[in-house]
Amino acid sequence: PIYLDYAATTPTAPEAVEAMLPYLTQSGLFANPASTQHCLGEAAESAVERARTQIAELIGAHAKDFIFTSGATESNNLAIKGIALTYRDRGRHIITSAIEHKSVLDTCKYLESEGFSVTYLSPNREGMINTKDLLNAVTDETIMVTIMHVNNETGVIQPIEQIADALADTNLFFHVDAAQSAGKLAIDLSKTPIDLLSISAHKFYGPKGIGGLYVRNRKKTRLTPMMHGGGQEHNLRPGTLASHQIAGMANAFKIAHENLSNDFEHCRQLKRTLINSLHRIEGVTLNGGQTHTLPNILNVSFDNVGSDSLIIALRDRLAIASGSACNSGAIEASYVLRAMAIEGDRLYGAVRISFGRYTTEAEILNAGDAIISEVTRLRELALT
Ligand code: PLP
């Protein structure tokens, strides 16, 4: 099948795979980066630190402010619970949005069960959070704000720079889940006053199971760790560092930045082709605003066709998703689109088609043809 689920995960770049190999085998740098008593461990440690510096520089951060985690789920948990537990005596209110990834929403739900209160901001119909609504939600009890950079179902870019500037003179911590934007949109933390930022390698052509959390000035942004152990990552995230994953992540991140505008332009072209192809039939609605978005995600509904029947009918030919594939299995209506006040057919018929660096124009044209013929067939079936 044609893979059109890049927002769920990307294939690992061949260059990144290559970069990982020396950290796995006996002839290479496989030693534990914490075993600095011997020179093999020391070599592994300096490789990890080189990777850390490389990643940090690409987001305008200091290497000492960037820690490795297993991915954005862990980073989001550590950022949100880590702040909440440290600063609970200052206040117990958190502001987020209704369209965040489950790793943010469920972390907030957990904190509600522990006595915190959470405001879930609604987006407008285009899928965008409003900075004024956010500022109006701030109370004396608020300690942190957590808003995603790019939504994983619609690709809509949230106004995080504006929010960061608006919060800059307050004592609120601002966390950004940048899982969908890192390596696709430039982020400059030396200019944007964000306190915490989560990233995940497998969304930018790196390996799965590795990511990171930026923590601005750890002495001022004190996190309560979620795990306890051998002291790695300033005690914030102990555990033997996955040096091969880290090397793959750094390599993939570097390539993603070298290709930032090429990848963007390539996806823009593919998206245009796909939209033109789908508009050959009637009753096609795009979900989410189309001006402030990343071009690698197209969320689209077809009148009179449920997303589950369409996805199942295309299963062997196209890998596409309904809503968030990260927690799918059971197909249910998207809470993101629901929060955007999308309802009826448009809600239940929404599919997410996402693509990337390795997707070809021919694949998009084939996908467009396959979708059109299945939508047409399913509509005819519904009439008989
Ligand atoms: N946040 C967003 C916006 C995502 O799209 C994902 C994707 O799965 C995650 C967080 C979780 O990332 P990870 O798979 O690295 O845990």
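Residues numbered from 1 in each chain as written. Predicted model: local features only at pLDDT ≥ 70, side-chain atom pairs only at ≥ 80, totals over all residues.

An unreviewed UniProt entry annotates the protein chain as cysteine desulfurase originating from Methylotuvimicrobium alcaliphilum. Looking at the protein chain in UniProt, the text filed under Catalytic activity (unreviewed entry) is "(sulfur carrier)-H + L-cysteine = (sulfur carrier)-SH + L-alanine". Under the UniProt heading Cofactor (unreviewed entry), the entry covering the protein chain gives this text: "pyridoxal 5'-phosphate". (UniProt positions renumbered as here; feature names shortened; annotations may be inferred.)

Would you mind showing me how to read the sheet that holds strand β10 (residues 297-302) here?
Across a sheet, paired strands are connected by hydrogen bonds in the backbone, their directions being either parallel or antiparallel. Ordered by their spatial adjacency, three strands build an open sheet running β9-β10-β12, and the pairing between neighbours is antiparallel. On the outer flanks of this sheet lie β9 (284-286) and β12 (350-354), each paired with one strand and no other. Strand-to-strand, the axes of this sheet are offset by a mean angle of 30 degrees, without reference to chain direction. Looking at chain direction, β10 and β12 are connected through five bridges and run antiparallel. Directly across from N299, in β12, lies its bridge partner R352. Helix α8 (residues 260-278) rests against β9, β10 and β12 of the sheet, and its axis sits at about 10 degrees to β10. (Pairing = 2+ DSSP bridges. Helix = DSSP H or I, 4+ residues; strand = E, 2+ residues; numbered from the N terminus. Axes fitted to C-alpha atoms, helices over the stretch in contact; angles between N-to-C directions. Contact = placed C-beta atoms within 7 Å.)

Looking at this structure, I do not really get the site of the ligand. What am I missing?
Neighbouring the ligand are 13 residues; G71, A72, T73, N152 and S200 lie closest to it. Each residue belonging to the shell around the ligand can be placed in one class, and the counts come to four nonpolar, eight polar and one charged. (Near = placed C-beta within 6 Å. Nonpolar A, V, L, I, M, F, W, Y, C, P; charged D, E, K, R; others polar.)

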